[in-house]
Amino acid sequence: MRIGILGPLQVAGAAVGGARVRALLVRLALDPGRVVTTDRLIDDLWPGEPPEHPMAALQSLVSRARREGPGLISSHPNGYLLDVPAGEVDAWEFERLARVGDAHAALALWRGPALAGVDLPFAEAPAARLEELRLAALATRIAADLAAGGAITGRDVMSGDVVGGDVVAELEELVAEHRLREPFHALLMRAMVASGRRGEALEVFERIRAELADELGVDPGAELREAHLAALRDEEPAPRTNLPARLTSFVGRNDDVSRIRTLAGARLITLVGPGGAGKTRLAVEAAATLRVPDGVWLVELASAAGVRAALEAVLKTSDLVRALRGTSPVIVLDNCEHLIDEAARVAQWLLGEVAGLRIIATSREPLNISGESLHPVLPLPQEPAVELLRDRAAAARPDLVLAPAEAARICRELDGIPLAIELAAARLRTMSVSMLVEQLGDRLAFRGSRTSEPRHRTLRAVIDWSWNLLSEEERELLRGLSVFSGGATAEAIARICGGDLDLLSSLVDKSLIAVSGDRYTMLETIRQYVTGDLPEIRQAHAGYYAELAESAEPHLRTDEQVKWLAILDAEQGNLDAALRHSDDPLRIILPRLWPWMMRGRRHEIAAHATAVLRRVGDVAPEGRELAHGLCMMAAMGTEPTRAVLESDHPAALHSWAMIIALGPPRDVVAITEAGAERLRDHPDTWTRSTALLVAGIVRFEYGAVTGAESLLEPALDGLRRTGDRWGQWAAYYWLSLAAENRGDFARALVLAKEPEPIAAELAALGAPLGPMSFLLRLGQLMTRSGDHAGAATALERAWQAALRSEDPLAIARVMHARAELARRSGDQGEAARLLRSALAMDMDAPPQFRAFMNVELARVAEPDEPLRRALELMATCEDRTARATVLEGVAEHREPLTAAELLGAARVLRGITESADPFVVALATRCRTALGERRYEEALVKGASIPNPERYALSPLSSP
């Protein structure tokens, strides 16, 4: 182990001193390989009373830890992480060993109390949890020793190491320390019986029974009662079972085993799930954990001719009731689905005749009899699925290095189905990971072990088993369901496939589809099996979802916007599939453009538009001129067509947001303001208001900046009346920019905070870019107004939203804002690192943003080259406020005369006579002091008349 926290902190090859440094390493070791945010670390390491400069204190602490433990801690824009695999931290390895049942090896990792020496609140819960797991592992180890006849060997209570002496003494020490922990008392009684001390065992039972009654008011549990019965009989009965011994580790289903154990009082538990989900293995593992003196019997029905005959063969009797009556066994009826009717009849009969009998059944559909408790066995979530893949891959090829991203992708592609993952892992014995990924589309042919049952040798055989049990009507509906992507509602299925609810319910019962909320879903593996050539159903599917997109569009302009965005999000897979398969893709893409724009999905728009144009050509079909023109603009950056310019369709109005992002056309201000004037008297409030909003945005970026508010304010008023959340957010955002342009940060911050409820609604919906922009704006304004703590909080939330968006540009924008905060907080090195990382990202960033990052980099690094890049980017840019911002940033690095001239040029671009921005005010004061009032005013006038101030500012940077 490189890192030990099961005892005092231990770091391989290093001596770590200082309580706070040790606490930092322990805190990071609780989440190895995962980023722990700076805020979380500050709260955990300085609870209740943070230092005066917490960020600086944390950075200092990290630096000390790096000196004492080189190579352990990595930085991240979000915080810090312990850069070691989880398996090299003893606590994580302990949990893994405990999960796979190797209690001896797990306990050997302990050197003392967990997290010893860390006396901070964050350590309390993890230490208590690890201690609880240690005690459970200790009980498991002692039970295994007793079962193996180990009553004469004792072990150290903490680590499990052999120390000699009697295990009874070890258990007496444990029950004294844990007075009411029943498993240790039960083990003590069994150890005493095994050592010939039956009387003392009975005294232990009476003592714990009395203490439980006096202190908790409860009776002894089943485990203690069973140990008591064994002591009364003076015997420790050997377990009676035909369960197979474990050949591989049991991964990823511990929660399922725990739930099945909580259902142990139920007479019939049926594990239901799709083929390959691991129902048999789970049933066997769960049954093996039950202490059942009268036996646990596995009855395999997959190849059986009849249920009753199979039971009689396993129990070696021709009279089942007579053999079982008076006993309390557990019978595992495995693979009931192909004998489902008989399995149900026999189970109900035996449960009625034998009061002590319990049955655990596995089936792809419920037995559907009285008293049945269902436990769905679902595909594995990503983390345990990856653990299973790694475990099986290591067995097949020990030298294989499986990257986390590769492992996660394989498991995701295979739907988390354990059998599919195990079959894929076996293929890694003979091929590379990249080759396996390429073959995932042919997963149905993956083959398993020579000794596997025929129905488990391939995924195709697994699904064949279920397919052959379906009626023709069920098969037809299942084929039809393959056209859906991401699931569907019952209404959609009925309209497109014609299946009734009874057939749909039957497929759910048979684990071939699943129901979640109001949607029915299908695993991709099953889809591959049933997919066929279904042109009529595909066109019906395309028509249905075209109607849905068109029906949603008017609601997206009202106070129902968020509700309908959620509906469109749920149907995104189907809408995309409909767009691919429709005979009229322009019909579907038109109502989808506006929701995509609201989400900031520029790349998605361009990709879909390009695909549509490949199918329909460069000439617009009759009646589809608007959609065709918008696709040409999105895919190829062409000038807007007449159909676009003259339309009042929402997608046409909002196409300007896309146009501005991709690069404005000639005469952009005149075109948009002419459009706003044309729509000023439009009868629809939303159309009038949105035209004003778009014109205001364009005026701010490319026209008379100070006149933008006269358009944006009435736009906001109208959008409030319609209830359009996105429109209101955009209006507030640009009004805030307009206030900032004047240097009025207080007003800008007020306006930036106004749409917080809207951002919260969009965030709850999972729309990351709107909330990200809102939070980014807050963070930047708080930074510039001196509220660094508030800025850090806002930017942390913006960072999480940007990561969820998976948009490189959004991520880079937050890194830029964090760099400014780091600089203003005194950490120039961190600021430079963030900026260089953001500038190196592969992203489609507008020139304004790249220029801003270079201006910021010039403040924390050698300035000449970043300033040159910023000015070159602005040389052909028409965004007036962006140009002004860059010129002000360059002026910071010039001698007073040139600086004053650049400030004069920036004033003209901003459309103001005096800025309230403290940075600009300070810079102007420096210039005025150095030049005197007259020369300063003359410089301002000269700067205002410079035709190309960027080229002028570049001259001092030119090569001689």
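All of these numbers come straight from a predicted model, not from anything done at the bench. Position labels on residues start from 1 in each chain and follow its written sequence. With the structure being a predicted model, the display of local features is reserved for residues of pLDDT at least 70 and the display and counting of side-chain atom pairs for 80 or more, all residues being used for whole-chain, interface and lining totals. Based on all heavy atoms of the structure, the side-chain values leave hydrogens and waters out of the count.

Visitor: What exactly am I supposed to notice about the overall build of the protein chain here?
Guide: Comment: elements are numbered from the N terminus, with helices defined as DSSP H or I runs of at least four residues and strands as E runs of at least two. For the protein chain, the helix and strand inventory stands at 49 helices and 13 strands. Principal axes of the C-alpha set define a box for the protein chain whose edges measure 110 × 75 × 55 Å. Exposure is judged per residue with a 1.4 Å probe applied to protein chains only, and the accessible area is read against the type maximum: over 50% gives exposed, under 20% gives buried, and values in between give partly exposed. Here the protein chain, with 960 residues, has 52% of them falling under the buried criterion. For the area figures, the Shrake-Rupley method with a 1.4 Å probe applies, and any residue is considered shielded solely by the protein chains shown. Counting only carbon and sulfur atoms, one obtains 51% of the accessible surface of the protein chain, whose full area is about 41,700 Å². Counted as positive: Lys and Arg. Counted as negative: Asp and Glu, with His and the chain ends omitted from the count. Think of each charge as sitting on NZ of Lys, CZ of Arg, CG of Asp or CD of Glu. Counting 109 positive and 134 negative side-chain charges, the protein chain places the averaged centre of each group 2 Å from the other.

Visitor: Mind showing me how you'd approach the sheet that holds strand β13 (residues 519–521) here?
Guide: Paired through their backbone hydrogen bonds, the strands of a sheet run either parallel or antiparallel. Strand order in this open sheet of three strands is β11-β13-β12, and the pairing throughout is antiparallel. Every interior strand has two partners, whereas the edge strands, β11 (488–489) and β12 (514–516), have only one. Strand direction decides the pairing type here: β11 and β13, joined by two bridges, are antiparallel. From the neighbouring strand, Ala488 faces β13, where its bridge partner is Tyr520. Any two strands with at least two DSSP bridges between them are considered paired.

Visitor: Help me out: how do you make sense of the pairing of strand β6 (residues 268–272) in this one?
Guide: Across a regular strand the side chains alternate sides, sitting on one face of the sheet and then on the other. Taking burial as the measure, the five residues of β6 include five buried ones, the bulk of the element. The alternating pattern of β6 places Leu268, Thr270 and Val272 and Ile269 and Leu271 on opposite faces, both of which are buried. As paired elements, β6 and strand β10 (residues 372–376) share five bridges and run parallel to each other. If you follow Val272 over to β10, its bridge partner there is Pro376.

Visitor: Sorry, what's going on with the sheet that holds strand β3 (residues 36–37) here?
Guide: Spatial ordering of the open sheet is given by β3-β5-β4, a layout of three strands whose pairing is antiparallel. Each of the sheet's edge strands pairs with one partner strand only, and the pair in question is β3 and β4 (73–76). The sheet contact formed by β4 and strand β5 (residues 79–82) spans four bridges and is antiparallel. Paired with Ser74 across the two strands is Leu81, which belongs to β5. Sitting on the sheet, helix α1 (residues 19–29) touches β3, β4 and β5, and the angle it makes with β5 is about 80°. In this analysis, two residues are considered to be in contact whenever any of their non-hydrogen atoms come within 4.5 Å of each other. To get an axis, a line is fitted to the C-alpha atoms, and for a helix only the part in contact is used. The angle between two axes follows their N-to-C directions and goes from 0 to 180 degrees.

Visitor: When you look at the packing of helix α46 (residues 896–910) against helix α48 (residues 933–945) in this model, what are you seeing that I'm missing?
Guide: When two helices pack together, their arrangement is captured by the angle between the axes and the distance separating the axes. Interaxial distance between α46 and α48 falls to 7 Å at its minimum, and their mutual angle equals 50°. Our classification of the angle between α46 and α48 gives oblique. The handedness of the crossing between α46 and α48 is right-handed. For the pair α46 and α48, the contacting residues are Leu897, Ala900, Glu901, Leu903, Gly904, Ala905, Arg907 and Val908 in the first and Arg935, Tyr936, Ala939, Leu940, Lys942, Gly943 and Ala944 in the second. Residues that form the contact of α46 with α48 fall into these classes: nine nonpolar, two polar and four charged. Roughly parallel means an angle under 35 degrees; roughly antiparallel, over 145; roughly perpendicular, 65 to 115; everything else is oblique. We call a crossing left-handed when the near helix sits turned anticlockwise from the far one by less than a right angle, and right-handed when that turn is clockwise. Put simply, Ala, Val, Leu, Ile, Met, Phe, Trp, Tyr, Cys and Pro go in the nonpolar bin, Asp, Glu, Lys and Arg in the charged bin, and everything else, Gly too, in the polar bin.

Visitor: Would you mind showing me how to read the packing of aromatic side chains here?
Guide: To pair, rings of Phe, Tyr and Trp, with the six-membered ring standing in for Trp, must have centres within 6.5 Å; the planes then decide the type, stacked if under 30 degrees apart, edge-to-face if over 60, and tilted in the middle. Under the defined criterion, the tally for this structure stands at ten aromatic pairs. When the centroid spacing of 5.3 Å and the interplanar angle of 90° are considered together, the rings of Trp594 and Trp726 count as edge-to-face. With Trp594 in helix α28 (residues 585–598) and Trp726 in helix α36 (residues 725–741), this residue pair connects regions lying 132 residues apart in the sequence. Take Trp594 and Trp726: they sit in the same class, and that class is buried. Seen in terms of ring centroids, Trp726 and Trp729 are 5.9 Å apart; in terms of plane orientation they differ by 55°. Their pairing is tilted. Taken together, the residues span about one helical turn, with Trp726 and Trp729 both in helix α36 at a distance of three residues. Taken individually, Trp726 and Trp729 each receive the classification buried, so the pair is uniform in this respect. Members of the aromatic cluster, connected to one another through ring pairs, are Trp594, Trp686, Phe700, Trp726, Trp729, Tyr733 and Trp734. Here, a charge over a ring is recorded when the distance from Lys NZ or Arg CZ to the ring centre is within 6 Å and its angle to the ring normal is within 35 degrees. Just above the ring of Trp110 sits the side chain of Arg134; from NZ or CZ to the centre is 5.7 Å. Against the face of Phe919 rests Arg859, its NZ or CZ located 5.2 Å from the ring centre.

Visitor: Teacher, can you tell me more about the nonpolar core here?
Guide: Looking at soluble globular proteins, one finds that nonpolar side chains tend to be buried together. What is meant by a nonpolar core is a set of buried Ala, Val, Leu, Ile, Met, Phe, Trp, Tyr and Cys residues, joined one to another through side-chain atoms within 4.5 Å. If you look at the biggest cluster of nonpolar residues, it comprises 160 residues, and the most contacted ones within it are Leu478, Leu481, Phe484, Tyr545 and Leu593. If sequence neighbours within four positions are ignored, Leu481 has contacts with Ile493, Cys497, Leu504, Leu507, Ile513, Met522 and Arg527.

Visitor: Just checking my understanding: could you explain unusual backbone geometry for this structure?
Guide: Excluding glycine, most residues fall at negative phi; most peptide bonds, likewise, are trans. The phi dihedral of Asn368 falls on the positive side, at around 60°, and the residue is not glycine. Along the chain, Asn368 turns up in the loop between β9 (358–363) and β10. Positioned with a positive phi, Ser511 is a non-glycine residue whose angle comes to about 65°.

Visitor: What exactly am I supposed to notice about helix α42 (residues 828–839) here?
Guide: Along an α-helix, a turn takes 3.6 residues, which lines up residues three or four apart on a common side. With twelve residues, α42 should reach 16 Å at 1.5 Å per residue; the first-to-last C-alpha distance of 16 Å fits that figure. Looking at the buried positions of α42, the neighbouring elements they touch are α41 (808–824) and α43 (847–858). Take the number of residues in a helix, subtract one, and multiply by 1.5 Å to get its expected span.

Visitor: Whenever I open this one, the environment of Gly487 confuses me. Can you help?
Guide: Assignment of secondary structure puts Gly487 in the loop between α21 (472–481) and β11. Looking at Gly487, the relative accessible area reads 7%, which means it is buried. Along the backbone, Gly487 and Gly543 are 56 residues apart, and their C-alpha atoms lie at a distance of 17 Å. In this structure, Gly487 is in contact with Arg519, Tyr520, Thr521, Glu571 and Asn574, ignoring residues within four places of it in sequence.

Visitor: Even after reading the chapter, I still don't get the packing of helix α16 (residues 382–396) against helix α18 (residues 418–427), so can you show me in this structure?
Guide: Interhelical geometry of α16 versus α18 gives an angle of 30° and a closest axis separation of 8 Å. Relative to α18, the crossing made by α16 is right-handed. Between α16 and α18, the residues in contact are Ala385, Leu388, Leu389, Arg392, Ala393 and Ala396 and Pro418, Ile421, Glu422, Ala425 and Ala426, respectively. For the contact of α16 with α18, a count of residues per class yields nine nonpolar, no polar and two charged.

Visitor: Sorry, what's going on with the pattern of salt bridges here?
Guide: Any two side chains of opposite charge can pair, so long as their charged atoms come close to each other. Here a salt bridge means any side-chain nitrogen of Lys or Arg lying within 4 Å of a carboxyl oxygen belonging to Asp or Glu. Applying the stated criterion across every chain, the model contains 57 salt bridges. Measuring nitrogen to oxygen at the nearest pair gives 2.8 Å for the salt bridge that ties Arg519 to Glu571. With Arg519 in strand β13 and Glu571 in the loop between α26 (561–570) and α27 (572–581), this residue pair connects regions lying 52 residues apart in the sequence. In this pair, the class of Arg519 matches that of Glu571, namely buried. Residues joined in a network through salt bridges with shared partners are Arg27, Asp31, Arg34, Arg40, Asp44 and Glu383.

Visitor: Which parts of the structure should I look at to understand the side chain of His682?
Guide: Inspection of the secondary structure puts His682 in the loop between α33 (668–678) and α34 (685–702). Owing to a relative accessible area of 17%, His682 belongs among the buried residues under this scheme. N or O atoms within 3.5 Å of each other form a polar contact, as long as, within protein, one can give a hydrogen and the other can take it, and as long as residues adjacent in sequence are counted only when both atoms are side-chain atoms. Separated by 3.0 Å, the side chain of His682 and the backbone nitrogen of Asp684 make a polar contact. For His682, the contacting residues outside a window of four places in its chain are Asp648, Thr687 and Arg688.

Visitor: Looking at this structure, I do not really get the environment of Asp256. What am I missing?
Guide: As for its placement among the helices and strands, Asp256 is situated in helix α11 (residues 254–262). On the accessibility criterion, Asp256 (14% relative accessible area) is buried. Each C-alpha atom of the pair Asp256 and Ile142 lies 24 Å from the other, and the pair is 114 residues apart in sequence. The residues touching Asp256, leaving out its near neighbours within four places in the chain, are Leu282, His375 and Pro376.

Visitor: Before we go on, may I ask you to explain the pairing of strand β8 (residues 330–334) in this structure?
Guide: Counted residue by residue, β8 has five buried out of five residues, so it is predominantly covered. A two-sided burial pattern is seen for β8, the buried positions comprising Val330, Val332 and Asp334 on one face and Ile331 and Leu333 on the other. Inspection of the sheet shows strand β7 (residues 296–300) paired to β8 by five bridges, in the parallel sense. Bridge pairing links Leu298 to Val332 in β8. Of the pairings in the sheet, the one linking β8 to β9 comprises four bridges and is parallel in character. Residue pairing in the sheet places Val330 in a bridge with Arg358 of β9.

Visitor: Sorry, what's going on with the confidence of the model for the protein chain here?
Guide: Note: predicted coordinates in regions of low pLDDT should not be interpreted at a detailed level. Confidence of the prediction at every residue is given by pLDDT, a number between 0 and 100. Put simply, the protein chain has an average pLDDT of 86, and 92% of its residues get 70 or more. A low-confidence stretch, residues 148–165 (pLDDT under 50), is modelled with 46 contacts involving residues beyond four sequence positions or located in other chains.

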